[in-house]
Amino acid sequence: MPSLLDPIRIGAIEAKNRIFMAPLTRGRGTREHVPTPIMAEYYAQRAGAGLILTEATGISQEGLGWPYAPGIWSDAQVDAWRPIVKAVHDRGGKIVCQIWHMGRMVHSDFLGGAKPVSSSPTTAPDQAHTYSGKKPYSEARALEVSEIPRLLADYERATANALAAGFDGVQIHAANGYLIDEFLRDGTNHRTDQYGGSIENRVRLLREVTEAVAKVAGPERTGVRLSPNGAIQGCNDSNPEPLFVAAAQALADAGIAFLEMREPGPNGTFGKADHPPIAPAMRRVFRNPMILNADYDGISGQKALDAGEADAIAFGRTFIANPDLVERIAEGAPLNKDDAATWYSQGPEGYVDYPTLAESRAA
């Protein structure tokens, strides 16, 4: 079986190892959602990853409701992403842009007071991060069928912009209780039209978005992220296994390059599942590379590869704190601990100042 350190081909992308950097919102853009120069340093530090999956990046203002998160719908955003991508490429890395519509998780403060869109008129639990502090979420309105072409055009534009910025591909964020996930799951999708009710109907938007993105990027440069096995941000399904197997089949039919799965265990350290992992059943129909993500370290990640459960492993918080994570896993070296207080704090602290192994040894 392959090692985490072995190369792998992901569609059109030649990844130098199977230690991928998971998407990680860090909030270092501007208030207008434009990437900033410090992001080039951050991503370049982590270019040892076989593939970097960027932080979730908004496809439109309608779809972005996270303070200081980047977007990729404007020329200014594309221009700001270019040196970030170049910095990764200059270090020999590969990087894809995760494109994102947050659905009902966009607070109305980001929309001039308008309601966010979702599959149905529901309200997310808990509170939203806004520029004026945490606030209860706003009730969403149902996205009209007549609006779907506009939404697909937003995904197509974001994809074209990502390619113009130099990214090696895109990943569609269809997980974590955001818009596409809200259409997939019956806990949030109460529609009675062609986008609701049956599993086939609820998978329809995922399929249409994927086809639209793949038409622009090519399926060989298109990936998807899903999170099947539990409630997340109030989004869940009463019978997730047949739903997500059908989703995996639709993605296989679209010929996408890879599927990344975030499936925590029942004792997960960042989210706990209420259902066993569905990835094994999905893997029977999705034959292209599958990347698993949730609480893995070098040892457990290698075991997943050895068991044939995954083709690569995406590491999140360990990549926050260890820019040279690949080297540390290769040597079995100790890891820095991440500081949650600086995950979204805008400045360089807890972002570009974690020491490498060489720096720690010198100190």
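Our structure's up above, just so we're on the same page.
A short tour of the structure in this document, coming up. Every chain's residues receive numbers from 1 upward, in the order its sequence appears when written. Restriction of local features to residues with pLDDT of at least 70 applies here, the model being predicted, together with a cutoff of 80 or more for giving and counting side-chain atom pairs; totals for whole chains, interfaces and linings are based on all residues. Side-chain descriptors were evaluated using all non-hydrogen atoms of the structure, hydrogens and water having been removed beforehand.

A few points about the packing of helix 3 (residues 148-164) against helix 5 (residues 199-217)
Next up, step 1: Relative to each other, helix 3 and helix 5 sit at 35°, their axes nearing to 9 Å. Crossing of helix 3 against helix 5: the hand is right-handed. Listed contacts from helix 5 to Ile148, Leu151, Leu152, Tyr155, Glu156, Thr159, Ala160 and Leu163 of helix 3 are Leu205, Glu208, Val209, Ala212, Val213, Lys215, Val216 and Ala217.
Next up, step 2: Of the residues belonging to the contact of helix 3 with helix 5, the class tally is twelve nonpolar, one polar and three charged. Helix axes are fitted to C-alpha atoms over the stretch in contact, other axes to C-alpha atoms as well, and angles between N-to-C directions run from 0 to 180 degrees. Counting from the N terminus, the helices are the DSSP runs of H or I reaching at least four residues and the strands are the DSSP runs of E reaching at least two. Handedness of a crossing is defined here by the sense of rotation of the near helix relative to the far one, left-handed for an anticlockwise turn of less than a right angle and right-handed for a clockwise turn. The contact criterion used throughout is that any non-hydrogen atoms of two residues lie within 4.5 Å. Amino acids are sorted into nonpolar (Ala, Val, Leu, Ile, Met, Phe, Trp, Tyr, Cys and Pro), charged (Asp, Glu, Lys and Arg) and polar (every other residue, Gly among them).

A short note on the pattern of salt bridges
Next up, step 1: Only one rule defines a salt bridge in this text: a Lys or Arg side-chain nitrogen within 4 Å of an Asp or Glu carboxyl oxygen. Evaluation of the coordinates by the stated rule reveals 20 salt bridges.
Next up, step 2: Linking Asp193 and Arg191 is a salt bridge whose minimum nitrogen-to-oxygen distance equals 2.8 Å.
Next up, step 3: Partly exposed describes any residue whose relative accessible area lies between the buried limit of under 20% and the exposed limit of over 50%, with all areas from a 1.4 Å probe on protein chains only and scaled to the type maximum. Residue Asp193 is classed as partly exposed on the basis of its relative accessible area of 25%.
Next up, step 4: A salt bridge links Arg283 to Asp311, with the nearest nitrogen and oxygen atoms 2.9 Å apart. Placement of Arg283 in helix 7 (residues 279-283) and of Asp311 in the loop between helix 8 (298-306) and strand 15 (312-315) is noted, with a sequence separation of 28 residues between them. Both residues of the pair, Arg283 and Asp311, count as buried.
Next up, step 5: Look at the salt bridges and you will find they share partners, linking Glu62, Arg141, Glu147, Arg150, Asp154 and Arg157 into a network.

With respect to unusual backbone geometry
Next up, step 1: For Asn176, which is not glycine, the phi torsion reads 60° and is therefore positive.
Next up, step 2: Mapped onto the fold, Asn176 is located in the loop between strand 11 (170-173) and helix 4 (179-184).
Next up, step 3: For Asp295, which is not a glycine, the phi torsion comes out positive at approximately 65°.
Next up, step 4: Note that Asp295 resides in the loop between strand 14 (290-293) and helix 8.

What about the packing of aromatic side chains?
Next up, step 1: In this analysis, rings of Phe, Tyr and Trp, with Trp reduced to its six-membered ring, are considered paired at centre separations within 6.5 Å, and the interplanar angle assigns stacked below 30 degrees, edge-to-face beyond 60, and tilted for intermediate values. Considering all chains together, one arrives at nine aromatic pairs under this definition.
Next up, step 2: Summarising the aromatic geometry, the rings of Trp81 and Phe167 are spaced 5.2 Å apart at their centres and angled 65° between planes, so their arrangement reads as edge-to-face. Taken as a pair, Trp81 in helix 2 (residues 75-90) and Phe167 in the loop between helix 3 and strand 11 lie far apart in primary sequence, 86 residues in all. Per residue, the accessibility class of Trp81 equals that of Phe167, and both read buried.
Next up, step 3: On the numbers, 5.3 Å between centres and 90° between planes, the contact of Trp100 with Tyr178 is edge-to-face. Of this pair, Trp100 sits in strand 6 (residues 95-100) while Tyr178 is found in the loop between strand 11 and helix 4, placing the two residues 78 residues apart along the sequence. Grouping residues by exposure puts Trp100 and Tyr178 together as buried.
Next up, step 4: One aromatic cluster is present, built from ring pairs that chain together Tyr42, Tyr43 and Tyr351.
Next up, step 5: Above the ring of Tyr131, the side-chain terminus of Arg31 is found at 4.1 Å from the ring centroid. By definition here, charges over rings are those cases where NZ of Lys or CZ of Arg is within 6 Å of the ring centre and within 35 degrees of the ring normal.

Description of the packing of helix 5 against helix 6 (residues 240-254)
Next up, step 1: Where helix 5 meets helix 6, the axes come as close as 10 Å, and the angle between the chain directions of the two elements is 35°. Along this stretch, helix 5 crosses helix 6, giving a crossing that reads as right-handed. Here helix 5 contributes Ile199, Arg202, Val203, Leu206 and Thr210 to the contact with helix 6, which in turn contributes Pro242, Leu243, Ala246, Ala247, Ala250, Leu251 and Ala254.
Next up, step 2: The residue makeup of the contact of helix 5 with helix 6, split by class, is ten nonpolar, one polar and one charged.

Focus on the side chain of Ser119
Next up, step 1: For Ser119, the location among the structural elements is in the loop between strand 7 (117-118) and strand 8 (127-130).
Next up, step 2: For the purposes of these results, a polar contact is taken to be a pair of N or O atoms within 3.5 Å, where, inside protein, one atom must be able to donate a hydrogen and its partner to accept one; residues adjacent in sequence count only when each atom of the pair is a side-chain atom. Only 2.9 Å separates the side chain of Ser119 from the backbone oxygen of Glu182, close enough to count as a polar contact.
Next up, step 3: A polar atom in the side chain of Ser119 sits 3.0 Å from the backbone oxygen of Thr188.
Next up, step 4: Sequence-distant contacts of Ser119, defined by excluding residues within four places in its chain, comprise Ala142, Glu182, Phe183, Thr188, Asn189 and Arg191.

A look at the environment of Tyr137
Next up, step 1: Looking at where Tyr137 falls in the secondary structure, it is placed in the loop between strand 9 (133-136) and strand 10 (141-142).
Next up, step 2: Sequence separation between Tyr137 and Asn17 is 120 residues, and the spatial gap between their C-alpha atoms is 40 Å.
Next up, step 3: Not counting residues up to four positions away in its chain, the partners in contact with Tyr137 are Arg104, Met105, His107, Thr123, Ala124, Pro125, Asp126, Gln127, Ala128 and Gln233.

Topic: helix 8
Next up, step 1: All of the buried residues along helix 8 are Gly301, Gln302, Ala304 and Leu305. Across the axial projection of helix 8, the buried residues extend over an arc of 155°, all falling on one side. Seen from the open side of helix 8, the exposed residues pointing more than 90 degrees away from its buried face are Ile299 and Lys303.
Next up, step 2: For helix 8, the elements touching its buried residues are strand 15.
Next up, step 3: The N-cap of helix 8, judged by a side-chain oxygen 3.1 Å from the amide nitrogen of Ile299 a few residues on, is Asp297.
Next up, step 4: Looking one or two residues beyond helix 8, the residue adopting positive phi is Gly308, at roughly 75°. As used here, the arc is the angular range of directions from the helix axis to the C-beta atoms.

With respect to helix 3
Next up, step 1: Here helix 3 contains 17 residues, and its C-alpha end-to-end distance of 24 Å stays within 8% of the 24 Å for a straight helix at 1.5 Å per residue.
Next up, step 2: In the core, the buried residues of helix 3 are packed alongside helix 2, strand 6, strand 11, helix 4 and helix 5.
Next up, step 3: Positive phi shows up at Gly166, right after helix 3, with a value of about 100°. A helix is expected to span 1.5 Å multiplied by its residue count minus one.

Considerations on the pairing of strand 6
Next up, step 1: With six of six residues buried, strand 6 is to be regarded as a mostly interior element.
Next up, step 2: Of the two faces of strand 6, both are covered, the one formed by Ile95, Cys97 and Ile99 as well as the one formed by Val96, Gln98 and Trp100.
Next up, step 3: Note on pairing: two strands pair once DSSP finds at least 2 bridges between them. Relative to strand 6, strand 4 (residues 52-53) is paired through two bridges, and the arrangement is parallel. Within strand 6, the residue paired with Leu53 across the bridge is Val96.
Next up, step 4: Pairing between strand 6 and strand 11: three bridges, direction parallel. Considered in strand 11, the bridge of Cys97 is made with Val170.

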